Protein chains: 2
Amino acid sequence: MTEVSIWKDSEIRREDSVMGSGQKDSFGPDQLSPIGQHKFPPALTHSSKEVWKKGGRVFSVLLAINLVLLACTLVSGGAFQEVALHDYDVFFMLTIVMLITITWMLFYIFSTSKRQAAIPCKDNHAGPIWLRGGLVLFAVLTLVMDIFKTGYYSSFYHCLTVIKIMYPIVQALFVVIQTYFLWVAAKDCIHVHLDLTRCGLMLTLTTNLAVWMSAVTDESVHKAQSKNPNASTTHRMAGFRSSTSDSCPCDTNLCQIFQNGYFWLYPFNIEYSLFASAMVYVMWKNVGRLIDHHANHVHQLKFRLFKRTYFLGIVAGFLIMVTGIGVLIVYEVQVNSKDKSEAKTDQVLTMYYIFNIVCLSLMSLVSIGGSIVYRFDKRDMDRHKNPTRTLDVALLMGAALGQYAISYYSIVATVASKPRDTINALNLSYSLLMIAQHTFQNIFVIEGLHRQPIEKEDKVNPQEKDIYGLTFVNMNAVSLRVPESGNALSSTASPGLEIQTPSEVMQAVKVRTKMNWRRTFLKESSLFLLLCNVTLWIMPAFGARPQFDNKTELTFYGYAMWAAIVDICLPFGIFYRMHAVASLLEVYIMS
Amino acid sequence: MTEVSIWKDSEIRREDSVMGSGQKDSFGPDQLSPIGQHKFPPALTHSSKEVWKKGGRVFSVLLAINLVLLACTLVSGGAFQEVALHDYDVFFMLTIVMLITITWMLFYIFSTSKRQAAIPCKDNHAGPIWLRGGLVLFAVLTLVMDIFKTGYYSSFYHCLTVIKIMYPIVQALFVVIQTYFLWVAAKDCIHVHLDLTRCGLMLTLTTNLAVWMSAVTDESVHKAQSKNPNASTTHRMAGFRSSTSDSCPCDTNLCQIFQNGYFWLYPFNIEYSLFASAMVYVMWKNVGRLIDHHANHVHQLKFRLFKRTYFLGIVAGFLIMVTGIGVLIVYEVQVNSKDKSEAKTDQVLTMYYIFNIVCLSLMSLVSIGGSIVYRFDKRDMDRHKNPTRTLDVALLMGAALGQYAISYYSIVATVASKPRDTINALNLSYSLLMIAQHTFQNIFVIEGLHRQPIEKEDKVNPQEKDIYGLTFVNMNAVSLRVPESGNALSSTASPGLEIQTPSEVMQAVKVRTKMNWRRTFLKESSLFLLLCNVTLWIMPAFGARPQFDNKTELTFYGYAMWAAIVDICLPFGIFYRMHAVASLLEVYIMS
């Protein structure tokens, strides 16, 4: 009898190994209960279909690469006036791609997901409610932007190609269908139409990235026209296309409102595309995946914001936020005013830098504090396979590169430039602090994301095992080699209860207090960092460009090179902030 | 007794889970032999030290990111004449970084690796002999280049900063020590000084990447001076720094030889840096890793080139190679000649494109053929953790992006440009075929790299199990639930021998022939592709730039934009070829 169970054991492991290494991970050690009773995942029989996951993925990745590069070529070519490509070439391509993607999404919703045994399991880490909530919020704002855009282009439809009016309409349709699609399907681990679904998801991802590229470029071009020192000359590289041709002036009041409106709403459209991309990527990683339901616990979404108030973090954060918005408004008004003088610009730049230096210093200190608290926190690391988290970490590290690059170019320019005035000194400190803050915050967030949620951890933390004796024995007796009560299965009796002397109870209370203090600190920290990141997202997203208003880098690198650096790197920097907000929210909930 | 063994079992799994998910992988199912005798890896006790691998890695990655970005800033700033950065700023930084790296490597060789239990296991996949051989070859050529460079700079040492002469000398020292270091340590899975080693390796990686960037930029600047249509004007962006200032002319004969010599040897230095980077990255991935010795089989390095001659592939490949070199020489001579005319340039461009189109078409066909053969080949996929292979695949896909991007820009330009002449048509086909060839070759190589080597697979291929009855039973009886001969351990007797009737023997011979045919085809294909890739590496590495000689893209995008695209993307394209050669060699050996 025992013999047979051993054979069975070895065979299951063999079956396990038929699947890709990725799937092997998901059958963690806690899948196999110690007395050899194996819980079969519901769809183990599918493993034969999925002969080689990597092979199935290569094709869809190749499709995505090719489409992204084509979009990249058209978008970058369309951005320059002297290149014979126009923005409507990009719009034309995007419209077609969006229509194909819409078709696939409808097919997925009405056919693929309705098939028998199509979705044997769901990934509870994917598409958490705040991500989907954020997606819907940004989707609504994108729809408003599309209305504005349609209105703007309709103002002079007599001298435009029809595709320019078609594009926002198709985009609105795309946004509605995609938001619905992601709302219902974000957690799916699909097990039918594997290759088609992979390609469809990669197509969706590519479409979102292409829309993002197009929006970012459009915005940069718009910004560049107001910042370029020699916009009137026909300088190569600096000769960005103007958003409207001279024969079609946007001079009515309504048209101006539409135009300003849609440029103000661009940041939300940009964030929408990136949120959707991240969710689609996780769906793609989950295609054909089998999930161990033990490991796949959900974080209990109890926002205890109102039960225990985390006062300090929120107040300090809101203070920073309000100040930040005030600084931004003053800055924008001053810099964009008609009668700006050198002295006034210097004044607002000084204000802007000082605010940022204070904010970044505080954030760095809080991040370092949080990391130190984590050092003393002996909670176990959560090592279960979790594509959402892997992506989060990769995006945090990757997106930070954008701001890093800008900072390094700034540092080199300020160090090498000769007139060492106050603005330069401030700029240098700002750039250095920017690097430090990104580094420390990343370390803090990555540590936080890899912790077990506290709710579960309370019970099995090895540090507290003498205090929580009862729970510990209950949970772990079955896994000890020599069970306490002789029979492993009957050890649900409470042998640890008698040994709790008064002094131990005191100690328990002390440890509890210490733990609460730690938890409070982590929660306060993450809330504070969250609000600061929102502030630092608002500032560049709504137009603050000290990189151009401060002339040091502009004269050091020349307009063309510096504009290229900022225009390519800043979108990643802005995305970093929004992504950090999402990650910090997760850290807050898990602390 | 059996009870205890079960408990032990569950405990080992628990211990397993203490280590990072990466390490969990390395204990594959074949680690646990079916009768429950567990082979402990030699250094399982180290797992407590390595609390959380990801955390230990973050710091070294952050270090690397910062250093790479700083190098990138200096190198890119130094490339432009009007930016107040000079190449000696870059040299100064590189010299310091190289000296630090040398110190660390010496420390590693003489202290870290000598510690007790420092290297409990080695990764046999890492640093295969041909990679190390290639490294030594490129190292020798780099040393020659350094001698030329020292000679060149010494020719006018009176008007140069001392760092320019120091740099090649320090580089030579660095190359010697690094080559020795990689030769002896490439396979190490180090288990002491974890954090220091990670940082040291990341520093080494960064240094190599910085040297690569500097070399690529230097070469691009050199090329740009000969290709720029308006080099004499003081055009922004086009104003690359000249390699020697006017006050220090390189007019002696010796100096000219030195200069030309070192520019001809640059491609080898570039490849050296990339080879070293790849090997260092694998070492970094292997820090603190525990390896299951069962999974970690070595490919038997039997070059059966001389036992069974694979004639067709080699002959066809050499034919392509010789033709390619001929085409390159004619092309270079024509394009660089003083009295070149429009017609003559068109003629050599036509020749160049036709050769490439033929070569790429053949390569695509062979790759498709190989992939089809793999479809019918039922060999098992090799799914063991193997950082070397993961890196290989990532690099193949990543480096192909460079050529993809150039091709897409070319396609858009040729399609949108008006005069549709022969050159344009050829350029379009060339770009399209380039994309197709990269795609098909990547699919072929990735499939090939993931196969089990044939030597091992011959025996357990499930397709042939009725023919190789004897072997199959021997190898697998122990893992069947109900062993054929009742007692699993005594089934080494040969129960399958009697059932081999003559018709079955005939069938066995047939299948053998079929398998041999398949193997021959795969070997021929990979050899042919290998030689073709060498040819396509030689051409751009030694200076063929049809992208600039053919004026379509130059006029469509403007010099600045097109030069930026080609100068950034082409180094990756060139690296792709060399990397594909290494991967194809591995596919050849494994087929």
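(A) Molecular detail of the overall build of chain A. A count of helical and extended segments in chain A gives 18 helices and two strands. The proportion of buried residues among the 591 residues of chain A is 59%. Once local pairs closer than 6 in sequence are excluded, the contacts in chain A between residues at least 24 apart make up 87%.

(B) Main features of the side chain of Asp549 of chain B. Turning to its location among the elements, Asp549 of chain B is positioned in helix α16 (residues 546-549). Of the polar contacts made by the side chain of Asp549 of chain B, one reaches the side chain of Tyr331 of chain B; its length is 2.5 Å.

(C) How the structure looks around the pattern of salt bridges. Here the structure, examined in full by the defined rule, presents six salt bridges over all chains. The shortest N-O distance in the salt bridge between Asp188 of chain A and Lys122 of chain A comes to 3.2 Å. Placement of the pair is Asp188 of chain A in strand β2 (residues 188-189) and Lys122 of chain A in strand β1 (residues 121-122), with a sequence separation of 66 residues. Lys122 of chain A gets classed as partly exposed once you look at its relative accessible area, which sits at 37%. Residue Arg289 of chain B pairs with Asp123 of chain B through a salt bridge whose shortest N-O separation is 3.3 Å. Here Asp123 of chain B lies in the loop between β1 (121-122) and α5 (129-154) and Arg289 of chain B lies in the loop between α8 (253-286) and α9 (311-336), a separation of 166 residues in the sequence. A relative accessible area of 3% means that Arg289 of chain B is categorised as buried.

(D) Quick look at the packing of α5 of chain B against helix α6 (residues 163-185) of chain B. Residues and elements named next belong to chain B. One way to put it is that α5 packs onto α6 with a least axis distance of 9 Å and a crossing angle of 165°. On the basis of their axis angle, the class for α5 and α6 is roughly antiparallel. Of the two possible hands of crossing, α5 and α6 adopt the one that is left-handed.

(E) A look at the environment of Val330 of chain B. All names here are of chain B. For Val330, the position within the fold is in helix α9. You can call Val330 partly exposed: its relative accessible area is 40%. With residues up to four places along the chain from it excluded, the contact list for Val330 reads Val348 and Met351.

(F) Quick look at the nonpolar core. Within the largest apolar cluster, 316 residues are counted, with the highest numbers of intra-cluster contacts made by Phe181, Tyr557 and Trp562 of chain A together with Phe181, Tyr557 and Trp562 of chain B. Setting aside residues no more than four positions away along its own chain, Trp562 of chain A makes contact with Ile406, Tyr409, Ser410, Gln547, Phe548, Glu553, Leu554 and Tyr557 of chain A.

(G) The arrangement of the domain arrangement of chain A in detail. Residue and element names in this part refer to chain A. Examined at the domain level, chain A breaks down into domain 1 (53-289) and domain 2 (312-456 + 524-590). On a C-alpha basis, the centres of domain 1 and domain 2 stand 26 Å from each other. On the domain 2 side, the residues contacting the 29 residues of domain 1 number 26 residues. With both sides pooled, the region where domain 1 packs onto domain 2 buries about 2600 Å², and carbon together with sulfur makes up 72% of that total. Here domain 1 and domain 2 share zero salt bridges between them. Between domain 1 and domain 2 we count one residue pair in polar contact (both at pLDDT 80 or more) in total. Mapped by element, the contributors of at least two residues to the side of domain 1 that touches domain 2 are α5 (129-154), α7 (194-227) and α8 (253-286).

(H) Looking closely at the confidence of the model for chain A. All names here are of chain A. Per-residue pLDDT for chain A averages 76, and the proportion of residues at 70 or more is 73%. With pLDDT under 50 throughout, residues 232-244 is counted as low confidence; its partners more than four residues away or in other chains account for 40 contacts. Across residues 456-499, confidence stays below pLDDT 50; counting only partners more than four residues off in sequence or on other chains, it has 44 contacts.

(I) Structural detail: the packing of aromatic side chains. Residues and elements named next belong to chain B. A complete count under the given rule lists 56 aromatic pairs over all chains for this structure. Here the aromatic rings of Tyr108 and Phe181 are separated by 5.3 Å at their centres, their planes lie at 85°, and the arrangement is edge-to-face. You can see Tyr108 sitting in helix α4 (residues 87-110) and its partner Phe181 sitting in helix α6, a full 73 residues away along the chain. Overall, the relative accessible area of 2% leaves Tyr108 in the buried class. Note on Phe181: relative accessible area 0%, which makes it buried.

(J) How the structure looks around the state of the cysteines. Residues and elements named next belong to chain A. Within this structure, the stated rule accounts for zero disulfides over all chains. Cys359 forms no disulfide, and the closest cysteine sulfur to it belongs to Cys532, at a distance of 4.2 Å. Judged by relative accessible area, Cys359 falls into the buried class, the value being 0%.

(K) Region of interest: the side chain of Asn356 of chain B. Residues and elements named next belong to chain B. Along the chain, Asn356 falls in helix α10 (residues 342-376). Residue class for Asn356 comes out buried when judged on its relative accessible area of 2%. Beyond its immediate sequence surroundings of up to four residues, Asn356 is in contact with Tyr430, Leu536 and Met539.

(L) Structural view of a nonpolar patch on the surface. Residues and elements named next belong to chain B. Side chains of Ile129, Val136, Val140, Val144, Tyr180, Trp183 and Val184 sit close together on the surface and give an oily, nonpolar patch of about 560 Å² of accessible area. If you list the elements that add at least two residues to the nonpolar patch, you get α5 and α6. Residue contributions to the nonpolar patch peak at four residues, all from α5. As for its position among the elements, Val136 is in helix α5. Overall, the relative accessible area of 33% leaves Val136 in the partly exposed class.

(M) Structural detail: the environment of Gly56 of chain B. Residues and elements named next belong to chain B. Tracing the backbone through its elements, the reader meets Gly56 in helix α3 (residues 53-78). Considering only alpha carbons, one finds Gly56 and Leu194, 138 residues apart in sequence, at a separation of 8.0 Å. Other than its neighbours up to four places away in sequence, Gly56 contacts Asp195 and Arg198.

(N) Spatial organisation of the packing of α5 of chain A against α8 of chain A. Residue and element names in this part refer to chain A. Running from N to C, α5 and α8 cross one another at 145°; their axes reach a closest spacing of 7 Å. As α5 packs across α8, the resulting crossing turns out to be left-handed. Each residue belonging to the contact of α5 with α8 can be placed in one class, and the counts come to 21 nonpolar, six polar and three charged.

(O) Quick peek at the environment of Ile177 of chain B. Within the secondary structure, Ile177 of chain B sits in helix α6. Taking C-alpha positions, Ile177 of chain B is 8.0 Å from Leu106 of chain B, a pair spaced 71 residues apart along the chain.

(P) Looking closely at α9 of chain B. When the terminal C-alpha atoms of α9 of chain B are compared, their 37 Å separation across 26 residues agrees well with the 38 Å that a helix rising 1.5 Å per residue should span. Within α9 of chain B the residues assigned to the buried category are Gly313, Gly317, Ile320, Met321, Gly324, Val327, Leu328, Tyr331, Glu332 and Val335 of chain B.

What counts and what doesn't
- Residues numbered from 1 in each chain as written.
- Chains lettered and ligands numbered in written order.
- Predicted model: local features only at pLDDT ≥ 70, side-chain atom pairs only at ≥ 80, totals over all residues.
- Heavy atoms only, no water.
- Helix = DSSP H or I, 4+ residues; strand = E, 2+ residues; numbered from the N terminus.
- Buried < 20%, exposed > 50% of the residue type's maximum accessible area, 1.4 Å probe, protein only.
- Contact = heavy atoms within 4.5 Å.
- Polar contact = N/O pair within 3.5 Å; in protein donor to acceptor, adjacent residues only side chain to side chain.
- Salt bridge = Lys/Arg side-chain N within 4 Å of Asp/Glu carboxyl O.
- Axes fitted to C-alpha atoms, helices over the stretch in contact; angles between N-to-C directions.
- Parallel < 35°, antiparallel > 145°, perpendicular 65-115°, else oblique.
- Left-handed = near helix turned anticlockwise from the far one by under 90°.
- Core = buried A, V, L, I, M, F, W, Y, C linked by side-chain atoms within 4.5 Å.
- Domains from an automatic or database assignment.
- Buried area = accessible area lost by both parts, 1.4 Å probe.
- pLDDT = per-residue confidence, 0-100.
- Phe/Tyr/Trp six-rings, centres within 6.5 Å; stacked < 30°, edge-to-face > 60°.
- Disulfide = S-S within 2.5 Å.
- Patch = residues over 30% accessible without salt bridge, like charges linked within 9 Å, V, L, I, M, F, W, Y side chains within 5 Å.
- Areas by Shrake-Rupley, 256 points an atom, 1.4 Å probe, with all protein chains shown as cover.
- Nonpolar A, V, L, I, M, F, W, Y, C, P; charged D, E, K, R; others polar.
- Expected span 1.5 Å × (residues − 1).

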